[in-house]
Amino acid sequence: MLTCDNLSAGYGGADAIRDVSLRVDAGDILGVVGPNGAGKTTLLRAISGSLQIAKGKVVFNGTDITAMAPHRRPGLGLAHVPEGRQVFGELTVAENLSLGATTLPAGKSREERLAFVYDLFPRLAERRGQLAGTMSGGEQQMVAIGRGLMMDPKLLLLDEPSMGLAPKIVTEIFASIVKLGRTFGLTVLIAEQRLSETLASCNKCVVIASGQITASGEREAIVRSGAIEEAYFGT
Amino acid sequence: MADIEAFLQQLVPAIAMGCVYGALCAALSLVFGIMRVVNFAQGEFITAGMYFGVMLVLFLASFLQFNSFALALVAAILAFPVFFCFGVFLHKMLLSHVSGMKVIETTRDGGHQAQLIVTLGISLLLQNVFLMMFGSRPQSITSDISSQAWALGTNDLMIFVNKGRVIVTIIVVAVVFLMYQFLRKTDLGARMRGAADKPTAATYVGIDVDRHYGIAFGLSCGITALVGVLMATFYPVGPFVGFEFIIVLYAGVVLGGMGSFIGAFWGGLTIGVIQQMASLIVPLQLQNVLVFLIFLTLLVLRPQGFFGNNAARL
Ligand SMILES: Nc1ncnc2c1ncn2[C@@H]1O[C@H](COP(=O)(O)OP(=O)(O)O)[C@@H](O)[C@H]1O
Ligand SMILES: [Mg+2]
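Not measured: the values here are computed from a predicted model.

Asker: Tell me about the overall build of chain B, and please be specific about residues and values.
Answerer: Across its full length, chain B carries 12 helices and two strands. Shown N-terminal to C-terminal, the secondary structure of chain B runs as helices and strands in the order α-α-α-α-α-β-β-α-α-α-α-α-α-α. At 20 Å, chain B has a C-alpha radius of gyration in line with the 20 Å of a compact globule built from 314 residues. For chain B, the C-alpha atoms occupy an extent of roughly 65 × 50 × 35 Å along the three principal directions.

Asker: Break down the coordination of the magnesium ion (ligand 2) for me, citing the residues and quoting the values.
Answerer: On the protein side, the magnesium ion (ligand 2) has Thr41(A) (OG1) and Glu83(A) (OE) as donor atoms, found 2.0 Å from it. Within this pair, whereas Thr41(A) is found in helix H1 (residues 40–48), its partner Glu83(A) is found in the loop between strand E6 (78–81) and helix H2 (93–100), the two being separated by 42 residues in sequence.

Asker: Which residues make up the site of ligand 1, and what are the values?
Answerer: Residues and elements named next belong to chain A. In the vicinity of ligand 1, the residues found are Tyr11, Ala16, Pro35, Asn36, Gly37, Ala38, Gly39, Lys40, Thr41, Thr42 and Glu83. Side-chain polar atom of Asn36 to an oxygen atom of ligand 1: 3.3 Å apart, as the coordinates give it. When isolated, ligand 1 has an accessible area of 560 Å², and the protein chains bury 57% of it. By residue number, the principal contributor to the shell around ligand 1 is H1, which donates three residues. Split by residue class, the shell around ligand 1 holds four nonpolar, five polar and two charged.

Asker: I'd love a proper account of the environment of Ser147(B), names of residues and values included.
Answerer: Considering the arrangement of structural elements, one finds Ser147(B) in the loop between helix H5 (112–134) and strand E1 (149–153). Ser147(B) sits 145 residues away from Ala2(B) along the chain, and the two C-alpha atoms are 23 Å apart.

Asker: An account of the interface of chain A and chain B is needed here, citing residue identities and associated values.
Answerer: At the interface, 22 residues of chain A touch 21 residues of chain B. Summing both sides of the interface, chain A and chain B together bury roughly 1,900 Å²; the carbon and sulfur share of this comes to 59%. Connecting chain A to chain B are two salt bridges. Between Arg193(B) and Glu95(A) there is a salt bridge, with its nearest N and O atoms 2.7 Å apart. On the surface where chain A and chain B come into contact, there are six residue pairs in polar contact (both at pLDDT 80 or more). Listing elements by their share of the side of chain A that touches chain B, those giving two or more residues are H1 and H2 of chain A.

Asker: So, the sheet that holds strand E4 (residues 53–60) of chain A: which residues are in play, and what are the values?
Answerer: Residue and element names in this part refer to chain A. Read across the open sheet, the four strands follow the order E2-E1-E4-E5; overall the sheet is antiparallel. One side of each edge strand has no neighbouring strand; the edge strands of this open sheet are strand E2 (14–24) and strand E5 (63–64). Judged from the two bridges that link them, E4 and E5 form a sheet pairing that is antiparallel. What sits directly across from Phe60, in E5, is Thr63. In the packing of H1 onto the sheet, the strands contacted are strand E1 (2–11), E2 and E4, and the crossing angle to E1 comes to about 115°.

Asker: Which residues make up H2(A), and what values go with them?
Answerer: For H2(A), the buried fraction is high: six of the eight residues fall into the buried class. When we look at burial in H2(A), the residues that qualify are Val93(A), Glu95(A), Asn96(A), Leu97(A), Leu99(A) and Gly100(A). Each element contacted by the buried residues of H2(A) is listed here: helix H3 (108–120), helix H4 (122–126) and helix H5 (137–149) of chain A together with helix H6 (163–185) and helix H7 (187–197) of chain B.

Asker: Break down the pairing of E1(B) for me, with residues and values.
Answerer: Residue and element names in this part refer to chain B. Two elements, E1 and strand E2 (residues 158–162), share five bridges in a ladder whose sense is antiparallel. The residue bridging Gly153 from the neighbouring strand is Met158, located in E2. Linking E1 to E2, which pair antiparallel, is a turn of four residues.

Asker: Describe the side chain of Glu192(A), with residues and values.
Answerer: Residue and element names in this part refer to chain A. Assignment of secondary structure puts Glu192 in strand E8 (residues 187–192). It turns out Glu192 is buried and unbridged, and the closest side chain with the opposite charge, Arg194, is 6.1 Å from it. At 3.1 Å, the side chain of Glu192 and the backbone nitrogen of Arg194 are in polar contact.

Calculation notes
- Residues numbered from 1 in each chain as written.
- Chains lettered and ligands numbered in written order.
- Predicted model: local features only at pLDDT ≥ 70, side-chain atom pairs only at ≥ 80, totals over all residues.
- Heavy atoms only, no water.
- Helix = DSSP H or I, 4+ residues; strand = E, 2+ residues; numbered from the N terminus.
- Rg over C-alpha atoms; globule rule 2.2 N^0.38 Å.
- Donors = N, O, S within 2.8 Å, 3.2 Å for Na, K, Ca; no water.
- Near = heavy atom within 4 Å.
- Polar contact = N/O pair within 3.5 Å; in protein donor to acceptor, adjacent residues only side chain to side chain.
- Areas by Shrake-Rupley, 256 points an atom, 1.4 Å probe, with all protein chains shown as cover.
- Nonpolar A, V, L, I, M, F, W, Y, C, P; charged D, E, K, R; others polar.
- Contact = heavy atoms within 4.5 Å.
- Buried area = accessible area lost by both parts, 1.4 Å probe.
- Salt bridge = Lys/Arg side-chain N within 4 Å of Asp/Glu carboxyl O.
- Pairing = 2+ DSSP bridges.
- Axes fitted to C-alpha atoms, helices over the stretch in contact; angles between N-to-C directions.
- Buried < 20%, exposed > 50% of the residue type's maximum accessible area, 1.4 Å probe, protein only.
- Lys, Arg positive; Asp, Glu negative; His and termini not counted.

Structure below.
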């Protein structure tokens, strides 16, 4: 589904990620875990194109998207739910979701997606007329994920969905993510600092530290390898 | 009674002028609020619209036997698409290099310094082009309608309202209303608001942010020029007339809440009415001094403007 080859990218000359290679297969829930500042957000932005890459190649479903304009990538089915949610705060929930379907033709397919999102997050249906910026953090995360789902994506990139949320809400959000992956067969990449929920949800795992991938593979193998402890505590 | 009559006689044209300012401020807010660009050349877009009107009416009158006010209305309608295209082109050639996605993530100041230089450059260039093409002698569209008035009221309390000004006011308010509905109700309008609110997130849903900023700039130019044509029916145009307006217009935009479209209209209306009424109590030269005194006072009392401070809020 997605292949990154030796990606390097950063800010103003200094690389924040170096030679990162990874693969996401259809049906995977891939957890990209690493401490704060490891380069998870940088990696996701390099994939979706909002950050220009210095070196390397990104291939999505057989298409080399390395040089493709970022706004054209969602049309291929690549949805990025950014860190900090970035909902359109001055627009209503319904407007946020409808903008999520920008790449879909108007009409039936949009209605179906909307029904799907409202079914996954019934709270959004209740609040459809509310300005997204006035909602709680958890609700905004639902709007952000819902907005990403509206385009009927093939791959959902989630950046730190737990950020700033109460534990109970985190559990709820992750339950929805697992449902998307296991029940609806959506391919998901979750970048998270938070370990417990992420490891419980994913089937594959990539560990990232100081801009480089230190381990990747099946979840159980990674958990047993001790790579996670090393990334977080430097032992 | 005579006092009230004099006051009303001043107030009615003040509201008419306020609506024109309001429409210009609303157009300005499309650039300021959606693109986050301070466009110093906006005053020259007004001037350009006014000259466009004067010249087109002269040209049309050379072979059409219509009233020149009617011709001005035709010119106003034509100005919109012509200046929309001009705006889209100008954005593509110049402004897109110093605004939008190119600068939002990569520059510390959001590209404001570069924008300042580019838009001031456009402003100076246009002023001199106008001077070369049209000279410094003020010109306007003269018509019978803009010198006729309706009498309102009874013998006890009677005021006169200029026919031309009434028609102009109705048109500019209608234009603002239509634009507001467009931003609120259409998919394109929603995409423009999304691109204004969170440009990077807009990219993630597949919105071409720079293209939508170009459309916003084109719409702003189109509305400004349309209003400019209508202004030429009652206000003489010279090469530097835009400069008289631009600072006052920014005061209106700030008062309306830094980019809210409909807020900018109300802000411009307020500023316009204050400015026009000021001549009742201060000499004409001090009109704008009073405007800014009141503007600063209102800003101290309500720093966020009348309507909050976000473009996407409308
Ligand atoms: N906008 C930025 N400008 C400069 N450096 C940045 C910027 N964003 C992140 N960085 C740096 O890049 C590195 C990786 O950051 P990031 O990708 O945000 O990590 P993570 O998402 O894993 O917390 C960090 O050292 C961070 O300081
Ligand atoms: Mg991050």
